[in-house]
Amino acid sequence: MDKVKIPVGRSSFADIRNNGYYFVDKSGLIEELLKTDATQATLITRQRRFGKMLGISMLSEFFDIRKDSSKLFKGLSISYNIELCRQWMNQYPVLFLSFKGVDGP
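Residues numbered from 1 in each chain as written. Predicted model: local features only at pLDDT ≥ 70, side-chain atom pairs only at ≥ 80, totals over all residues. Heavy atoms only, no water.

(A) Representation of the layout of surface pockets. When its volume is computed, the largest pocket comes out at roughly 850 Å³. Every residue lining the largest pocket is counted, 26 residues in all, and those nearest its centre are Arg10, Phe50, Gly51, Lys52 and Leu54. Contributing elements (two or more residues each) for the lining of the largest pocket: helix H1 (13-18) and helix H3 (52-63). Counting residues per element, the lining of the largest pocket draws most heavily on H3, which supplies six residues. (1 Å grid on protein atoms, 1.4 Å probe; cavity = no way out; pocket = protein on both sides within 12 Å on 5 of 7 lines; lining within 4 Å. Points joined across faces, edges and corners; volume = space filled by probe spheres on them. Helix = DSSP H or I, 4+ residues; strand = E, 2+ residues; numbered from the N terminus.)

Structure follows, in C-alpha cells:
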C-alpha cells in the first residue's frame, strides 16, 4: 500500500496537485461562487488552519489568464462542468496578494 502524502504546511494548490499530495476536492466552491451574478464581493472566513489560503490559491489557478490550469483540475468535480470551465478557466487577470509571512505587533 502506498503511503499517503499529507501536505502539512503547504498552501499552494499547484504544489499539492503537481506533487501528488492528499487533497480533498473543494473545487465545487468555484461553481458555487459563479452561480449568481448578483454577488459583488465574496468574503471567505474560516478559523485558522482551515484552508483559506489553499482555497484562494485554487481560485487563483482557476482564473489566471497567464496559466493553463486544465491539468491541475483534471479529475476534480469542477472539470466535469465543461461549459463553466470553457467560459471561466484561465480567462481573467488575477492579482494574488498574501500577507501570510507578514509579522508585526
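(B) Structural detail: a nonpolar patch on the surface. A cluster of nonpolar side chains, namely Val4, Ile6, Val8, Tyr22 and Val24, defines an oily patch on the protein surface of about 530 Å² accessible area. Inspection of the secondary structure assignment puts Ile6 in the segment before H1. (Patch = residues over 30% accessible without salt bridge, like charges linked within 9 Å, V, L, I, M, F, W, Y side chains within 5 Å. Areas by Shrake-Rupley, 256 points an atom, 1.4 Å probe, with all protein chains shown as cover. Salt bridge = Lys/Arg side-chain N within 4 Å of Asp/Glu carboxyl O.)

(C) Highlighting the pattern of salt bridges. Going through the model one piece at a time under the given rule, you end up with five salt bridges. For Glu32, the salt bridge identified is with Lys35, shortest N-O distance 3.1 Å. The exposure class assigned to Lys35 is exposed, which follows from its relative accessible area of 60%. A salt bridge links Asp64 to Arg66; its shortest N-O distance comes to 2.8 Å. (Buried < 20%, exposed > 50% of the residue type's maximum accessible area, 1.4 Å probe, protein only.)

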